[in-house]
Amino acid sequence: MATNAIDQTRRMLSLVTYLRERPGARVGDVARAFGISEDELIADLDVLPMCGTSFRGGDLLDIDTDGDRIWWHNPDDVAEPLRLAADEATALLVAARAVATLPGLREGDRQALLRATAKLEAAAGEAAGASSRLSVTFESEGGVFADVDRAIAERRRLWLRYYSPARDELTEREVDPIRLFAVGHTYVEAWCRLSEARRTFRLDRVAEIKLLDAPADPPPIELRDLSEGLVQPAAEDPEVCIEVGPGGRWVAEYYPHDSAEELPDGGLRITLRTPDPASLRRLALRLGRDGRIVAPQALADSARRAAGAALAAYGE
């Protein structure tokens, strides 16, 4: 399953200890232990050899796999005390102070972070003074992420006011969060109590969020493999070309596409594939003057007829 950068970092830190204690561990067993796909685990293993106590060759992690088992080759003294340059210490201190201010952060995590920050300040010396003159402010998505992360950890239900660009409206609903992941943007996968179905919500479209006291109790469902994206059109699916004006640019964010060419009026010419081209007639109706289907011609004609029928019914 796909995850956000914070989850991946936590997982990779845990992987180091896990693999060090289990030389020759099977790829499938490790993937199951961490709740990820084998492809995601292999991707993590491709990154770990670039990590270590410094960028000198002897300090980097030496981990490899033959596709079936994973091997740890570092000597036991690889985990020597961490040495930070002044710029590294400054970056860590600024980031730590910013994260500590996130709304929704679990209090235990906040206190642990503050203790670690104090130790780092003492060790950094003059660099700590430089970091105090810098600050970072997270955009609203950071607060939403913290609330969702807390809800998942505490198994609590969430109330959302959520913006749907396809319908251009805000909806209110209660959801039982299942997991956070990132595919271009950060999402929460949840069981929606309004639709009684699994739904995916983009965090930057959450207008308001509240943690509820009610326990989250999603039904048992199989997690989808998102390593290839949220929606995965097949190469043999029919190709559709849509032109949208500036007010319809959201289509390129909402629908997976092969290309999006800029148009002189600020719009886009979007080429995408779908197993059911007829379903895009509804998209054309929602777009109205902000977009039209260009090809295939039969679908474009069908969309125009549907729009004409809708206007005729509205005028009656």
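Residues numbered from 1 in each chain as written. Predicted model: local features only at pLDDT ≥ 70, side-chain atom pairs only at ≥ 80, totals over all residues. Heavy atoms only, no water.

- As recorded in an unreviewed UniProt entry, the protein goes by the name Transcriptional regulator, listed as coming from Streptomyces chattanoogensis.

## Remarks on the sheet that holds strand β1 (residues 25-26)
Neighbouring strands of a sheet are bound in pairs by backbone hydrogen bonds; such pairs are parallel or else antiparallel.
Inference 1: Taken in spatial order, the three strands make up an open sheet running β1-β3-β2, and their pairing is antiparallel. Because the sheet does not close on itself, it has two edges, and the strands there are β1 and β2 (63-65).
Inference 2: Bridge count for β1 against strand β3 (residues 69-72) is two bridges, and the pairing is antiparallel. Considered in β3, the bridge of A25 is made with I70. (Pairing = 2+ DSSP bridges. Helix = DSSP H or I, 4+ residues; strand = E, 2+ residues; numbered from the N terminus.)

## Thoughts on the packing of aromatic side chains
The geometry of an aromatic ring pair is captured by the separation of the ring centres together with the interplanar angle, meaning the angle of the planes.
Inference 1: Across all of its chains, the model carries one aromatic pair by this definition.
Inference 2: Ring geometry for Y162 against F201: centres 5.1 Å apart, planes inclined by 80°, an arrangement best described as edge-to-face. With Y162 in strand β4 (residues 156-164) and F201 in strand β7 (residues 197-202), this pair connects stretches of sequence that are 39 residues apart.
Inference 3: Just above the ring of W159 sits the side chain of K210; from NZ or CZ to the centre is 4.8 Å. (Phe/Tyr/Trp six-rings, centres within 6.5 Å; stacked < 30°, edge-to-face > 60°. Lys NZ or Arg CZ within 6 Å of the ring centre and 35° of its normal.)

## Quick look at the sheet that holds strand β12 (residues 291-295)
Inference 1: The strand order β10-β11-β9-β12 describes an open sheet built from four strands, whose pairing is antiparallel. The open sheet is flanked by β10 (259-262) and β12, the only strands paired with a single partner. Here the average twist between neighbouring strands, direction ignored, is 25°.
Inference 2: Examined bridge by bridge, β10 and strand β11 (residues 268-273) share four bridges and lie antiparallel to one another. Its bridge partner being in β11, E262 is matched across the sheet by L268. (Axes fitted to C-alpha atoms, helices over the stretch in contact; angles between N-to-C directions.)

## Some points on helix α9 (residues 280-287)
Inference 1: Considered for burial, the residues of α9 that qualify are L280, L283, A284 and L287. Considered in projection along α9, the buried side chains sweep an arc of 100° and stay on one side of the axis.
Inference 2: Remark: G288 follows α9 within two positions and exhibits a positive phi of approximately 60°. (Buried < 20%, exposed > 50% of the residue type's maximum accessible area, 1.4 Å probe, protein only. Arc of directions from axis to C-beta.)

## Observations regarding the pattern of salt bridges
Pairs can form between side chains of opposite charge once their charged atoms are near each other.
Inference 1: Applying the stated criterion across every chain yields a total of 21 salt bridges.
Inference 2: Via salt bridges that share partners, R157, E174, D176, R193 and E196 belong to a single interconnected network. (Salt bridge = Lys/Arg side-chain N within 4 Å of Asp/Glu carboxyl O.)

## Some remarks on the pairing of strand β9 (residues 239-244)
Inference 1: Of all the six residues making up β9, five are buried; the element is thus mostly covered by neighbouring parts of the structure.
Inference 2: By the bridge criterion, six bridges tie β9 to β11 in an arrangement that is antiparallel. Looking across to β11, one finds that E243 is bridged to R269.
Inference 3: Note: β9 against β12, four bridges, orientation antiparallel.

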